[in-house]
Amino acid sequence: MAAGDVLWKTKLPSTDGNNGWVTVHEGVVLTGSDARAEYKGQPREDRYADQFVTGLNASNGKVMWNFKPDAPVWNFMGSFAGDGTFTFQDYEGKAYRCRVDDGSLIWKNGGFENSWTDGTSLLGPNKVVYAVSNRDSNGGRDAPGDVSAYRLEDGKLLWRTEVPRPPNNLPAIGKLVGLSGLSLVQPIGQQCQQGAPTDVYALDAQSGEVQWIFNGPSQKGRFQAGDGLPEAQAQRTLAGVRPITLPNPWSAPTIDSNGVVFIGSEEGPFYALADKDGDGQVTTAEVSSFDTHACFSGSAAAAIAPGMLVTTSIDAMYVFAH
């Protein structure tokens, strides 16, 4: 790490077709791979996504195994349980638990056939897997979706909560201001659709009960903030990346030790949210924000260190001192 030397490099058919995560634990690197326009063995031109979850040896980069889920994965993130297993979801919202050493399946549950979500599952410290799903492949500003909780041990469904818009983001879990126990923070909304509203929901992590709601901004223009600027598109093209980002409606949320939620909006503001009066609605008086004038990648979560918070929009890094 000190010199930045390349230790190994492994060529895969592809490594995640979008903005997923690469996770490492117990000597294994997890990533989505082999992105193709294919769905359950049939060509699907409108569904370009990773066909496999791949495990690589973290020491030498050798491919250890490939696991093919029932549906492809999108915005993949593997969550390690610390017991030789990991969890993830496919783009239909089906949750999986597999073994780290060989990728073999332990259980799978849930999901909606022929649906699609840009969201990602999360394994909580309470040994519960939280997965998100939509009910069809089209989505839309007022198309409902579901947040589902599965027991890590055996995949049993513990609860399922309907949300009024697509849950197209990774959730976060932690303790929130004024609430006891763990809460699940789930951003929702249909991105890339002018006029579509966005919200953030806090759910009781044990029961799925709604604890509070923040009504975020609607997409004002044809593109999300900063995405349609010609100069920005030119810069991305010169950098060798696609000119238009088309990100999730929100960044990934982060919860600090005081129970405040930090999250970036597709319309540019970076928010600090807390339901201080406990009335179930996070209002303007309970919100702090900083306008970055650019949208956020769905895999970008604010990082917190002593006396410092760092976040990134699609074009800049912002560092805030406590």
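All residue numbers refer to positions counted from 1 along the written sequence of the respective chain. Predicted model: local features are reported for residues with pLDDT of at least 70 only, side-chain atom pairs are reported and counted for 80 or more only, and whole-chain, interface and lining totals are derived from all residues. The side-chain figures draw on all heavy atoms in the structure; neither hydrogens nor water molecules are used.

S.K.: Can you lay out the sheet that holds strand β2 (residues 28-39) for me, pointing to particular residues and giving the numbers?
M.R.: One open sheet accounts for four strands, arranged β1-β2-β3-β4; its pairing is antiparallel. On the outer flanks of this sheet lie β1 (23-25) and β4 (63-67), each paired with one strand and no other. Taken over all neighbouring pairs, the strand axes of this sheet differ in orientation by 30° on average, direction set aside. In this description, strands pair whenever DSSP reports at least two bridges between them. For helices the rule is a DSSP run of H or I covering at least 4 residues; for strands it is a run of E covering at least 2, with both sets numbered from the N terminus onward. Bridge count for β1 against β2 is three bridges, and the pairing is antiparallel. From the neighbouring strand, V24 faces β2, where its bridge partner is V29. Simply put, an axis is a line fit to the C-alpha atoms, just over the touching stretch for a helix, and the angle between two N-to-C directions goes from 0 to 180 degrees.

S.K.: How would you explain the pairing of strand β14 (residues 183-189) if you had to name every residue and give the values?
M.R.: By the criterion of burial, β14 is predominantly enclosed, with seven of the seven residues buried. For the exposure calls, accessible area comes from a 1.4 Å probe over protein chains only, and a residue counts as buried if that area is under 20% of its type's maximum, exposed if over 50%, partly exposed in between. Residues S183, V185, P187 and G189 line one face of β14 and the alternating positions L184, Q186 and I188 line the opposite face, and both faces are buried. Of the pairings in the sheet, the one linking strand β13 (residues 172-174) to β14 comprises three bridges and is antiparallel in character. Directly across from I173, in β14, lies its bridge partner L184. Pairing analysis gives seven bridges linking β14 to strand β15 (residues 198-204), with the strands arranged antiparallel. Directly across from V185, in β15, lies its bridge partner A202.

S.K.: Pulling in residues and values, what's your account of the nonpolar core?
M.R.: The biggest cluster of nonpolar side chains holds 19 residues, and the ones touching the most others in it are Y130, V147, W159 and L184. Secondary structure elements with two or more residues in this core: β10 (128-134), β11 (145-151), β12 (157-163), β14 and β15. Per-element tally for this core: the top contributor is β10, with three residues. Contacts of L184, omitting those with residues within four sequence positions, involve L122, Y130, V147, W159, P171, A172, I173, Y201, A202, L203 and A205. Each nonpolar core is a collection of buried residues, namely Ala, Val, Leu, Ile, Met, Phe, Trp, Tyr and Cys, held together in the definition by side-chain atoms within 4.5 Å. A contact between two residues is defined here by any heavy atoms of the two lying within 4.5 Å.

S.K.: Residue-level account of the sheet that holds strand β18 (residues 261-264), with values.
M.R.: Overall, antiparallel pairing links the four strands, which are arranged β17-β18-β19-β20 in an open sheet. Each edge of the open sheet is held by one strand with a lone partner, namely β17 (254-255) and β20 (287-291). Both β17 and β18 contribute to a ladder of two bridges, which runs antiparallel. In the strand pairing of β18, T254 is matched with F262.

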